[in-house]
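Overview (structure and organization)
So the chains spell out like this:
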Amino acid sequence: MNDDAMDLRARNSQATREAISHAALRLAIEQGPHGLALVRVHDIATAAGVSPRTYNNYFSSRAEAICAFQADQSRRMGQALRSRPAGEPLDQAVIAAVIELYTNPEPDRAGLSMIMSTPELEGEALKAFSMAEGPLAEAIATRTGAERDLFPAVMAAAVAGAIRVAGRRWLEPGNPEPFAAILRRALSCVFR
C-alpha cells in the first residue's frame, strides 16, 4: 500500500472517530444532566452514520467516545510545542502552543460542562490528560536538553493541571471572560 493510500485511510479513520465522538457528546447533552446513562451505543452509531460494530472498533465505552475530542487534543500537546520556533523561550512556546491548541476553536461550553460535572466523564478526561503528559514532557526535554531530569515531567503535569483549572474557572456561572484569557493566566502561574 502506498503512502497516499495509507494517509487517506488514516484521515478516514480519524473522521469516523470524530463523527462518533461528536454524535456521542451531542446526544448526551440533549438528554440532560444524566445524559451519559441515557444514551445507547446503537443511538450513537446511528447518529454518526456507522454500525454499532464500527463504533465498538473505535471505542470501548460511551465515556471514551464522548471524551475522544479532548483526548485527541491532549495528545497533540507535545507536537504543538515541537512546532514552535526553536529559539522561542520555553514559557512563551508552551503558552502559545497550548492556547492555540485549546482555543482554536474555543471549547464547546455545554460539552466541557457535561464532562467536568459527570464523574465518569471527568475520569476519562483525566486519563486523557495523563496520557498527554508523556509526549509533552518529551517535547519539553528536547527543547531544554533536560532528558534525564524531573523538570520536563513535572512541567508537563503542571501544564495539564493548569488547563483543567482554567476550564473549571471558565465554566463558573456568570464568567464572561474568553477561555483564552483564563488559560493564559493559568499557564502564567506555572511559569512564575
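Residues numbered from 1 in each chain as written. Predicted model: local features only at pLDDT ≥ 70, side-chain atom pairs only at ≥ 80, totals over all residues. Heavy atoms only, no water.

It is at 10 Å that the axes of helix H1 (residues 3–31) and helix H9 (residues 109–117) come closest, and there the two elements cross at 80°. As the angle between them shows, H1 and H9 are arranged roughly perpendicular. Where H1 abuts H9, its residues Leu25, Ala28 and Ile29 lie against Ala110, Gly111 and Met114. Broken down by class, the residue content of the contact of H1 with H9 amounts to five nonpolar, one polar and no charged. (Axes fitted to C-alpha atoms, helices over the stretch in contact; angles between N-to-C directions. Helix = DSSP H or I, 4+ residues; strand = E, 2+ residues; numbered from the N terminus. Parallel < 35°, antiparallel > 145°, perpendicular 65-115°, else oblique. Contact = heavy atoms within 4.5 Å. Nonpolar A, V, L, I, M, F, W, Y, C, P; charged D, E, K, R; others polar.)

It is worth spelling out the environment of alanine 156 at this point. Looking at the secondary structure, you find alanine 156 in helix H11 (residues 151–171). Alanine 156 sits in the buried class, given a relative accessible area of 1%. Linking alanine 156 and alanine 139, residues 17 residues apart in sequence, is a C-alpha distance of 9.3 Å. If we skip the residues at most four places from it in the chain, alanine 156 touches Glu133, Leu136, Ala137 and Ile140. (Buried < 20%, exposed > 50% of the residue type's maximum accessible area, 1.4 Å probe, protein only.)

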